[in-house]
Amino acid sequence: MTLQLPDAEGGLRTYEPRTEPRALTPGTPFTSRTVFSAAHVVADPLADTTPDSPAAVDWDATLAFRRHLWSHGLGVAEAMDTAQRGMGLDWAGAAELIRRSAAEARSVGGRIACGVGTDQITGGTLAEIRAAYEEQLALVEDAGAQAVLMASRALAATASGPEDYLEIYGHLLRQAAGPVIVHWLGPMFDPALKGYWGSSDLDAATGTVLQVISARPDKVDGIKVSLLDARREVDLRRRLPGGVRCYTGDDFHYPELIAGDDQGFSHALLGIFDPLAPLAAEAVRVLDTGDTAGFRALLDPTVDLSRHLFRAPTRFYKTGVVFLAWLAGHQTHFTMVGGLQSARSLPHFARAYELADRLGLFPDPKRAEERMKNLLSVYGVNQ
């Protein structure tokens, strides 16, 4: 069987799908790296909503996907960018997601870290921003989850300089019950975060975030760096206080950053590990044995898919993540909260399908092929 797939030039090309899945099975937790997958949410396709409506979530399918991640040994990074936080999922929806996922984590013994932000407000004074952070921090800690201090659009808009970040984050770290993960999300993921940490000069911004961490290293488990700049991440990693982890959020360079060098390595908190979970888990277990070359042999071939999904405008990568979850059978439909399934083109979907199929990511390649055919026919490309 072959498929006629659209290409970027407006034509069609022939692709022969693979017929057998890759043999990937659940396994034990990792020993050499701490690894989180940021997880997407599954929309309720039967809800009568609009892009401006509160998110309608299929809770059963959403929690089932988290059990899938836990079964492969990954932690779940919940209610973060991959879950369309601020792009379809509002704070009310995120709060419910955190409560439900944290309860599910307790029931299965899964690791979970949840996003703490300020998205219940759109702006305000520093005092109001601090109060918004505090509200979310309290909810996450009450749910029994680890907190991830996410970058705040409101703080980026209000702060007058680095001292405001030092004051807000210093207060939150003093207040946090346990070590948190600090999250540095670059403007390629969210343009509203340009100039975060008080400067568009990344050297100056790095200095500020290191000040934040160095003031209370006992309250910082690690920092997630999502700048798509491997050199800068390595530089920051080498300057962190002892015991503070660097979690790579670099969906372009993650194999080399996780593998590390003779001066250290990065742990991981990645959106690309949502579709890659079984394969990524197998690779990390190989790394646990000390086989770096084997780890790279498994994970390096996935980078083309990741770079495709995260291509500019990077913030729309969630569309490709949910698309692959549908093809893989983790949900029965390709619908997203906020209508975000429209954010990528048919040629983009076709290339994502081809790259994922070549990697053997679909447990049932025939089902993935049939679903790809269905999508093509909706766009008027009949086989």
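Residues numbered from 1 in each chain as written. Predicted model: local features only at pLDDT ≥ 70, side-chain atom pairs only at ≥ 80, totals over all residues. Heavy atoms only, no water.

**Q** I keep staring at the overall build of the chain and nothing clicks. Help me out?
**A** Looking only at helices and strands, the chain features 14 helices and 10 strands. The C-alpha radius of gyration of the chain comes to 20 Å, within 12% of the 21 Å expected for a compact globule of 383 residues. Expressed as lengths along the three principal axes of its C-alpha atoms, the size of the chain is roughly 60 × 50 × 45 Å. Considering only contacts within the chain whose residues lie at least 6 apart along the sequence, 70% involve residues at least 24 apart. For the chain, the computed accessible surface area is about 14800 Å², with 49% contributed by carbon and sulfur atoms. Computed over 37 positive and 47 negative side-chain charges, the inter-centroid distance for the chain is 2 Å. (Helix = DSSP H or I, 4+ residues; strand = E, 2+ residues; numbered from the N terminus. Rg over C-alpha atoms; globule rule 2.2 N^0.38 Å. Contact = heavy atoms within 4.5 Å. Areas by Shrake-Rupley, 256 points an atom, 1.4 Å probe, with all protein chains shown as cover. Lys, Arg positive; Asp, Glu negative; His and termini not counted. Charge placed at Lys NZ, Arg CZ, Asp CG, Glu CD.)

**Q** Got a minute to help me understand helix α3 (residues 126-142) in this structure?
**A** Think of an α-helix as 3.6 residues a turn; residues three or four steps apart then line up on the same face. Spanning 17 residues, α3 covers 24 Å between terminal C-alpha atoms, matching the ideal 24 Å at 1.5 Å per step. Among the residues of α3, I129, A132, Y133, Q136, L137, L139 and V140 are the ones counted as buried. Seen from one end, α3 has its buried residues packed into an arc of 160°, which puts them on one side. Contact partners of the buried residues in α3: α2 (91-108), β5 (112-116), β6 (146-149), α4 (153-158) and α5 (162-175). G144 sits one or two residues past α3 and shows a positive phi near 85°. (Expected span 1.5 Å × (residues − 1). Buried < 20%, exposed > 50% of the residue type's maximum accessible area, 1.4 Å probe, protein only. Arc of directions from axis to C-beta.)

**Q** Would you mind going over the packing of aromatic side chains with me for this structure?
**A** In this description, a pair of aromatic rings is defined by centroid distance and the angle of the planes. A complete count under the given rule lists 18 aromatic pairs for this structure. With 4.6 Å between their ring centres and 45° between their planes, Y169 and W197 make a pair best called tilted. Residue Y169 is found in helix α5, and its partner W197 is found in the loop between β7 (180-185) and α6 (202-215); the two are separated by 28 residues along the sequence. One exposure class covers both Y169 and W197, and it is buried. On the basis of an interplanar angle of 85° and a centroid distance of 6.5 Å, the ring pair of W184 and W197 is categorised as edge-to-face. Taken together, the positions of W184 in strand β7 and W197 in the loop between β7 and α6 put the pair 13 residues apart, joining distant regions of the chain. (Phe/Tyr/Trp six-rings, centres within 6.5 Å; stacked < 30°, edge-to-face > 60°.)

**Q** Explanation requested: helix α12 (residues 317-327) in the structure shown.
**A** For α12, the tally of buried residues reaches 11 of 11 residues, placing the bulk of the element in the interior. Two residues or fewer past α12, G329 is found with a positive phi of approximately 90°.

**Q** It is not clear to me how the pairing of β7 should be interpreted in this structure. Could you clarify?
**A** Side-chain positions along a regular strand alternate between the two faces of the sheet. Most of β7 sits inside the fold, with 6 of its 6 residues counted as buried. Alternating residues of β7 divide into V180, V182 and W184 and I181, H183 and L185, and every residue in both groups is buried. Pairing of β7 with strand β8 (residues 220-226), which is carried by 6 bridges, proceeds in the parallel orientation. Looking across to β8, one finds that L185 is bridged to S226. (Pairing = 2+ DSSP bridges.)

**Q** How should the sheet that holds β7 be read in this particular structure?
**A** Sheet strands line up and pair through hydrogen bonds in the backbone, either parallel or antiparallel. The strand order around the closed barrel built from 8 strands is β3-β4-β5-β6-β7-β8-β9-β10, with neighbouring strands paired in parallel fashion. Neighbouring strand axes in the sheet, compared pairwise and without regard to direction, differ in orientation by 25° on average. Along the sheet, α5 contacts β6, β7 and β8; its crossing angle with β6, the most-contacted strand, is approximately 175°. (Axes fitted to C-alpha atoms, helices over the stretch in contact; angles between N-to-C directions.)

**Q** Before we go on, may I ask you to explain the pattern of salt bridges in this structure?
**A** Once their charged atoms are close, side chains differing in charge can pair, the charge on each being opposite to the other. Going through the model one piece at a time under the given rule, you end up with 23 salt bridges. Linking E96 and R99 is a salt bridge whose minimum nitrogen-to-oxygen distance equals 3.4 Å. Remark: R99 and E96 occur in helix α2; sequence separation between them is 3 residues, near one turn of the helix. Between E354 and R351 there is a salt bridge, with the nearest N and O atoms lying 3.5 Å from each other. Placement of both E354 and R351 in helix α13 (residues 346-359) is noted, with a separation of 3 residues, approximately one turn of the helix. Through salt bridges that share partners, R13, R351, E354 and R358 make up one connected network. (Salt bridge = Lys/Arg side-chain N within 4 Å of Asp/Glu carboxyl O.)

**Q** Mind showing me how you'd approach the nonpolar core here?
**A** Among soluble globular proteins, nonpolar side chains are generally buried collectively. Counting 123 residues, the largest nonpolar core has Y169, Y196, W197, F273, F323 and Y353 as its most contacted members. Broken down by element, the residue count for this core peaks at 9 residues, all from helix α9 (residues 273-288). Among all residues touching Y196, those that are not within four sequence positions of it are Y133, M150, A151, S152, L155, A156, Y165, Y169 and A205. One finds A38, M80, M150 and L269 within the second-largest nonpolar core, a separate group that totals 10 residues. (Core = buried A, V, L, I, M, F, W, Y, C linked by side-chain atoms within 4.5 Å.)

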